[in-house]
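Close look at the chain arrangement
These are the residues of each chain, in order.
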Amino acid sequence: MSLQRIQAPFRRSLARAAVLSSRTYATIPSPSEGQPQPATTPANGSPGSPKPRPTYFKDTTVASFSEFLSSSAPLSLSEAYEPRTATVGPEGRKRTITRLPDWLKTPIPSPGANPNFGKIKADLRGLGLHTVCEEARCPNIGECWGGSNKAAATATIMLMGDTCTRGCRFCSVKTSRRPPPLDPHEPENTAEALARWGLGYVVLTSVDRDDLADGGARHFAETIRRIKAKKPTMLVEALTGDFMGDLDMVKIVADSGLDVYAHNVETTEGLTPYVRDRRATFRQSLKVLEHVKAVRGKENIITKTSIMLGLGETEEELWETLRELRKVDVDVVTFGQYMRPTKRHLKVERYVTPDEFELWRQRAIDMGFLYCASGPLVRSSYKAGEAFIENVLRKRAGERAMAAEKLGQAIAAKGASDKAL
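Residues numbered from 1 in each chain as written. Predicted model: local features only at pLDDT ≥ 70, side-chain atom pairs only at ≥ 80, totals over all residues. Heavy atoms only, no water.

Time to look at the overall build of the protein. Assigned secondary structure in the protein consists of 14 helices and 12 strands. For the protein, the residues scored as buried account for 37% of the 421 residues in total. Contacts in the protein between residues far apart in sequence, at least 24 positions, make up 72% of those at least 6 positions apart. For the protein, the accessible area works out to roughly 24700 Å², and carbon and sulfur atoms hold 55% of it. (Helix = DSSP H or I, 4+ residues; strand = E, 2+ residues; numbered from the N terminus. Buried < 20%, exposed > 50% of the residue type's maximum accessible area, 1.4 Å probe, protein only. Contact = heavy atoms within 4.5 Å. Areas by Shrake-Rupley, 256 points an atom, 1.4 Å probe, with all protein chains shown as cover.)

Within the fold, aspartate 210 resides in the loop between β7 (201-206) and α8 (217-230). Aside from chain neighbours lying at most four places away, what touches aspartate 210 is Thr165, Arg166, Met244 and Arg279.

Let us look at helix α9 (residues 247-254). Of the residues making up α9, those classed as buried are Met249, Val250, Val253 and Ala254. Within α9, the buried residues cover an arc of 140° as seen down the axis, which keeps them to one side. Among the structural elements, α8, β8 (235-239), β9 (260-262) and α11 (282-296) are those in contact with the buried residues of α9. By the N-cap criterion, in which a side-chain oxygen at the helix start approaches the backbone nitrogen of a residue two or three places on, α9 is capped by aspartate 246, the distance to aspartate 248 being 3.1 Å. (Arc of directions from axis to C-beta. Polar contact = N/O pair within 3.5 Å; in protein donor to acceptor, adjacent residues only side chain to side chain.)

This brings us to the nonpolar core. Among the nonpolar cores identified, the biggest contains 31 residues, and Leu194, Leu204, Phe220, Ile224, Val253 and Tyr261 are the most heavily contacted of them. Contributing elements (two or more residues each) for this core: β4 (154-159), α7 (186-197), β7, α8, β8, α9 and α11. Excluding anything up to four places from it in sequence, phenylalanine 220 contacts Leu159, Met160, Leu204, Thr205, Ser206, Ala238, Leu239, Thr240 and Val253. Judged by nonpolar contacts, the second largest core, of 19 residues, contains Leu325, Phe357, Trp360 and Phe369. (Core = buried A, V, L, I, M, F, W, Y, C linked by side-chain atoms within 4.5 Å.)

The next thing to look at is the packing of α8 against α9. At a closest axis distance of 8 Å, the pairing of α8 and α9 adopts a crossing angle of 10°. On the basis of the axis angle, α8 is roughly parallel to α9. Note on element contacts: α9 touches α8 through Met249, Ile252 and Val253, opposite Ala217, Arg218, Phe220, Ala221 and Ile224. Counted by class, the contact of α8 with α9 contains 7 nonpolar, no polar and 1 charged residues. (Axes fitted to C-alpha atoms, helices over the stretch in contact; angles between N-to-C directions. Parallel < 35°, antiparallel > 145°, perpendicular 65-115°, else oblique. Nonpolar A, V, L, I, M, F, W, Y, C, P; charged D, E, K, R; others polar.)

Overall, the predicted model of the protein reaches an average pLDDT of 77, with 61% of residues at or above 70. pLDDT under 50 marks residues 24-29. Its contacts with residues more than four places away, or in other chains, come to 6 contacts. (pLDDT = per-residue confidence, 0-100.)

Bringing unusual backbone geometry into the picture now. Phi at phenylalanine 243 takes a positive value of approximately 50°, unusual for a residue other than glycine. One non-glycine residue, aspartate 329, lies in positive phi territory at about 60°. Position of aspartate 329 relative to the elements: it lies in the loop between α12 (315-327) and β11 (332-337). The exposure class of aspartate 329 is partly exposed, given its relative accessible area of 23%.

Once that is clear, we can look at the UniProt feature "binding site: [4Fe-4S] cluster 2" (unreviewed entry) in the protein. The positions UniProt marks with the feature "binding site: [4Fe-4S] cluster 2" (unreviewed entry) are Cys164, Cys168 and Cys171. The class of cysteine 164 is buried, set by a relative accessible area of 9%. Setting aside residues up to four positions removed in sequence, cysteine 164 forms contacts with Val173, Lys174, Thr175, Ser176, Val207 and Asp208. Tracing the chain through its elements places cysteine 171 in the loop between β5 (163-164) and β6 (174-175). (UniProt positions renumbered as here; feature names shortened; annotations may be inferred.)

Let us now look at a positive patch on the surface. Among the surface-exposed residues, Arg95, Arg340, Lys343 and Lys347 lie close enough to one another that they form a single positively charged patch. Positionally, arginine 95 belongs in strand β2 (residues 95-98). Using a relative accessible area of 45% as the deciding quantity, one classes arginine 95 as partly exposed. (Patch = residues over 30% accessible without salt bridge, like charges linked within 9 Å, V, L, I, M, F, W, Y side chains within 5 Å. Salt bridge = Lys/Arg side-chain N within 4 Å of Asp/Glu carboxyl O. Lys, Arg positive; Asp, Glu negative; His and termini not counted. Charge placed at Lys NZ, Arg CZ, Asp CG, Glu CD.)

In this section: the pairing of strand β12 (residues 371-374). Burial along β12 is two-sided: the residues Tyr371 and Ala373 and Cys372 and Ser374 are all buried. Both β11 and β12 contribute to a ladder of 4 bridges, which runs parallel. Pairing of valine 332 across the sheet is with tyrosine 371, part of β12. (Pairing = 2+ DSSP bridges.)

What follows concerns the pairing of β7. Each regular strand displays side chains that alternate between the two surfaces of the sheet. Burial analysis of β7 places 6 of its 6 residues in the buried class, the great majority of the element. In β7, alternate side chains face the same way, and those of Tyr201, Val203 and Thr205 on one face and Val202, Leu204 and Ser206 on the other are all buried. As paired elements, β7 and β8 share 5 bridges and run parallel to each other. Bridging from a neighbouring strand, valine 203 pairs with glutamate 237 of β8. Read as a crossover between parallel neighbours, the route from β7 over α8 to β8 is right-handed. (Right-handed = clockwise from strand over helix to strand, strands pointing away.)

Below, the discussion takes up the pattern of salt bridges. On inspection of all chains with the given rule, the structure shows 25 salt bridges. Of the charged contacts, one joins lysine 304 and glutamate 237 as a salt bridge, the two residues approaching to 3.2 Å between their closest N and O atoms. Of this pair, lysine 304 sits in strand β10 (residues 302-309) while glutamate 237 sits in strand β8; the two residues are 67 residues apart in sequence, bridging distant segments of the chain. An identical accessibility class is assigned to lysine 304 and glutamate 237; each is buried. Here glutamate 315 makes a salt bridge to arginine 363, at a shortest N to O gap of 3.1 Å.

In this section: the side chain of arginine 276. Along the chain, arginine 276 falls in the loop between α10 (272-275) and α11. In this structure arginine 276 is buried but unpaired, with aspartate 242 as the nearest side chain of opposite charge at 4.6 Å. Within the structure, the side chain of arginine 276 is placed 3.1 Å from the side chain of serine 285, a separation counted as a polar contact. Beyond its immediate sequence surroundings of up to four residues, arginine 276 is in contact with Cys168, Arg169, Phe170, His263, Asn264, Val265, Glu266, Thr281, Phe282 and Ser285.

Next comes the structure, spelled out in structure tokens:
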């Protein structure tokens, strides 16, 4: 009995070795019976050398290397803007997809190539902070975090964790009915990180926390006060939720010392029920933006909102949206292309061309908006330190110069009348 137990594993090993010796590679075609085999010569010519594994390529339509390097004539404007399609998938299950247009492609950021980008990323991980740039997969992260110089770099810090209590159909941020509790050290850590980076402009945003009694408004306001205490010259923009329509919570954030209050309507009123969470409404968002002006005064704070294009909106719907925003004195509006984060989110109805984005930018300016950023890759806080501040300060400087000129003319006229008397 003991001899049989010893022989059984030995027999299994012999059988396994026989199977492995007869196994062939799937990429090497097996020769047909009776077909003559070509003579093979070892690579180094010596008879004892192992034979190299043959290579078998099925694709015989590969273009030549010279054709790959040759430059083609530039495309016309209509050809460049025409969406490109491609057929993908295995045989029997092929499908046609639309390729991402060239104007929506951006380089992958590298911490090694940009010291500002690397420093911000390292500090965020060290202090346990989150950014909407990473959570929402923003394509402009390398450009904003790097900036043309250190003071012009822009970061968008996401407060109150990385898990939202709402489930908008365009957003890739994680969702849960019961997110983790707030970090009581987050306001101080955020202020410390921003003071260390030396940024000139920062955007604070947050997930929606409908599980909290105040929606996180006091946490938001405390963070802004800590930042202003450590660096009073830093401009702070707060991109908040609607706090379930509780205007008292909106007032808490508006009175915290921020410079720009942003709240996004995201899309037109007709598309809002299909795009945003059911608890968010277009009219509720308008009330938030209107109340901020009532609390701080029209000239003492700037209000801002953002609209995504490519979700199926019509031209008339966009016109009506802009008119409603002007009625509540919104100062800044941005237009950007909606880009589908995953297959679970809303499909892109169309890719809007750069020319159309420029058209809507000009229309917004003509309607009286203080500033409008419009482009395929523009997001709510896109290049806030470089584009937004530059335009707003230039406009304000012009107004001050005009007021000074009028004051000088009035003084000169009064002096001339005194002399005449």
